[in-house]
Amino acid sequence: MLYVGVDLGKQSSQIAVVNEAGEIQSEAKIKNQKEKILKYIKYLDEPAEVVCETGSRSFWLADMMKEKEIPVHVAHAYKVKLIAEARVKTNKVDARVLGQLLRAKFIPEVYVPSPEMRMWKEVVRGRGGLIRMRTQAYNKIHSILDRNGVEYEGKDIRGKGARSWLESVELPEPTRRVLIEYADLVGQLNEHIGDFEKELKERIKQDEEMLRVVGLLSSIPGIGWLSAITFYLELAEIGRFASVKKLWGYVGIVPGVHQTGDMVQRGGRLTKQGNSLLRCLIVEDAWVAIRYDHFYRHLYKRHLIKIGKTRAILPVARALLYAVFRVWSEGKRYEEIFQQQQRVG
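Report on the accompanying structure. Predicted, not measured: the structure shown is a model, and the values here were computed from it. (Residues numbered from 1 in each chain as written. Predicted model: local features only at pLDDT ≥ 70, side-chain atom pairs only at ≥ 80, totals over all residues. Heavy atoms only, no water.)

**Quick word on the overall build of the protein chain**
The cut-off we apply is this: Where helices and strands are cited, they refer to DSSP runs of H or I of at least four residues and of E of at least two residues respectively, numbered from the N terminus. Only protein chains enter the accessibility calculation, which uses a 1.4 Å probe; a residue is then buried when its area is under 20% of its type maximum, exposed when over 50%, and partly exposed in between. Surface accessibility in these figures is a Shrake-Rupley result with a 1.4 Å probe; residues are shielded only by whichever protein chains are displayed. Working convention for charge: Lys and Arg count positive, Asp and Glu count negative, and His plus the chain ends are omitted. We put the charge of a Lys on NZ, of an Arg on CZ, of an Asp on CG and of a Glu on CD.
Assigned secondary structure in the protein chain consists of 15 helices and 7 strands. Along the first, second and third principal axes, the C-alpha atoms of the protein chain reach 75 × 60 × 50 Å. Looking at the 345 residues of the protein chain, the share that counts as buried comes to 42%. When the accessible surface of the protein chain is split by element, carbon and sulfur atoms take 50% of a total near 20,100 Å². Charged side chains of the protein chain number 56 positive and 43 negative; the gap between the two group centres comes to 5 Å.

Okay, structure coming up:
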């Protein structure tokens, strides 16, 4: 068996082939073209396994290898760095390290979702990107109005008649034109966001498993259908998490731990290691949950006294993730699980 480490770049990739004895059998720098990479792998004189680190092209390589039934592994880039950090770091060294780690069975693998699942993740993330752009446009409108001393309320620039109201504001040219351009941009972004949401709704109807899971997760206070479908697409299979603590770690909503000798300090800042999209989403959902659900509101107020507003929302977010884990893994609606038992935060 040969072990092929691939350090993927934007234009080309460094490949190192390691044999059973741990020796470098061959090395090459190859352009990121499907035909050239497959040709190189094909001419190896023994069966091979391939490994690469997580990156923008890692799933592209994984799909390519699976198509040809070549065993492939996608390694967690940060964990690989912890296992084998080198003083000298080059593409050639990285490819060799990956090959050696694969030979030693030390690869910290990541879950590789199906191509279809990844395609719909792009739709969800694309919608999120447009919402961030819309927020930036709103902030520009706020800034222009504030700099020119215009009095207004939030509904004036966000309601249905916002554009008409903005057109009526007396401002010198070209400031007024800039304001209207931002208003038009918001309108265009709203249309595109709406189109993405229609696509997602249609997709839910066509997939029985997605419809089932989204329905279950939507029963949790604070989690709407858009949050539910995002969880479904980002997590894919709840069974790959052995416990809710594993899920907390994946999302990155656990506090850091600092240990020196026998002294262990817990409760520090969030590790921020994990899925940043889900981390932001579950915190946003937690703010909604404390408005509409007594349990989560009480949990928030209990921690508010001790640790302040910003950090008090985190136990609520962890409690919501606990609910996500239970509801999804047990296949029951929120009220079926938690109605008759004390909820854990």
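Back to the text.
**Things to note about helix α12 (residues 276-292)**
The following threshold applies: The length a helix should cover is 1.5 Å for every residue beyond the first. What makes two residues a contact is simply this: any of their non-hydrogen atoms within 4.5 Å.
Under the 1.5 Å per step criterion, the end-to-end length of α12 is 25 Å for 17 residues, consistent within 8% with the ideal 24 Å. Buried residues of α12: Leu278, Arg279, Leu281, Ile282, Asp285, Ala286, Ala289 and Ile290, and no others. Residues of α12 that are buried sit in contact with α10 (225-235), α11 (244-251), α13 (294-307) and α14 (309-330).

**A short note on the side chain of Asn275**
Quick reminder of the rule: Residues adjacent in sequence count toward polar contacts only when both atoms are side-chain atoms; beyond that, a polar contact is any pair of N or O atoms within 3.5 Å, and within protein one must be able to donate a hydrogen and the other to accept it.
Mapped onto the elements, Asn275 comes out in the loop between β7 (263-265) and α12. Of the polar contacts made by the side chain of Asn275, one reaches the side chain of Glu234; its length is 2.9 Å. At 3.1 Å, the side chain of Asn275 forms a polar contact with the backbone nitrogen of Leu277. For Asn275, the residues in contact, after removing those within four places along its chain, are Arg125, Glu234, Tyr250 and Val251.

**Observations regarding the packing of helix α5 (residues 115-147) against α10**
Note the threshold: Lines are fitted to the C-alpha atoms to define the axes, a helix being fitted only along its stretch in contact, and any angle between axes, read from their N-to-C directions, falls within 0 to 180 degrees. For classification, angles of less than 35 degrees are called roughly parallel, those exceeding 145 degrees roughly antiparallel, those between 65 and 115 degrees roughly perpendicular, and all remaining angles oblique. Two helices that cross are described as forming a left-handed crossing if the nearer one is turned anticlockwise from the farther one by less than a right angle, and a right-handed crossing if clockwise. Any residue outside Ala, Val, Leu, Ile, Met, Phe, Trp, Tyr, Cys, Pro, Asp, Glu, Lys and Arg is labelled polar, Gly included; the first ten of those are nonpolar and the last four are charged.
Contact geometry of α5 with α10 gives a least axis separation of 9 Å together with a crossing angle of 140°. On the basis of the axis angle, α5 is oblique to α10. You can see that α5 and α10 cross each other, and the crossing is left-handed. Residues Met117, Trp120, Lys121, Val124, Arg125 and Arg127 of α5 form the contact with α10, whose own contacting residues are Leu226, Thr230, Tyr232, Leu233 and Glu234. Partitioned by chemical class, the residues of the contact of α5 with α10 number 6 nonpolar, 1 polar and 4 charged.

**So, the packing of helix α9 (residues 208-217) against α10**
Relative to each other, α9 and α10 sit at 125°, their axes nearing to 8 Å. Considering the angle they form, α9 stands oblique to α10. Handedness of the α9/α10 crossing: right-handed. Contact residues: Glu209, Met210, Val213, Val214 and Leu217 in α9; Trp225, Ala228, Ile229, Phe231, Tyr232 and Leu233 in α10.

**Here we look at α13**
With 14 residues, α13 should reach 20 Å at 1.5 Å per residue; the first-to-last C-alpha distance of 20 Å fits that figure. Along its buried surface, α13 packs onto α12, α14 and α15 (334-338). Just past α13, the residue Gly308 takes up positive phi, approximately 90°.

**What about the sheet that holds strand β5 (residues 72-75)?**
Going by this rule: The pairing criterion is simple: DSSP has to find at least two bridges between the two strands.
Read from one edge of the open sheet, 5 strands run β3-β2-β1-β4-β5, paired in mixed fashion. The open sheet has two free edges, formed respectively by β3 (24-31) and β5, since each of these has just one partner strand. Strand-to-strand, the axes of this sheet are offset by a mean angle of 20°, without reference to chain direction. In the sheet, strand β1 (residues 2-8) pairs with strand β2 (residues 12-18) via 6 bridges, with the strands oriented antiparallel. Looking at the pairing, Val6 lines up with Ile15 of β2.

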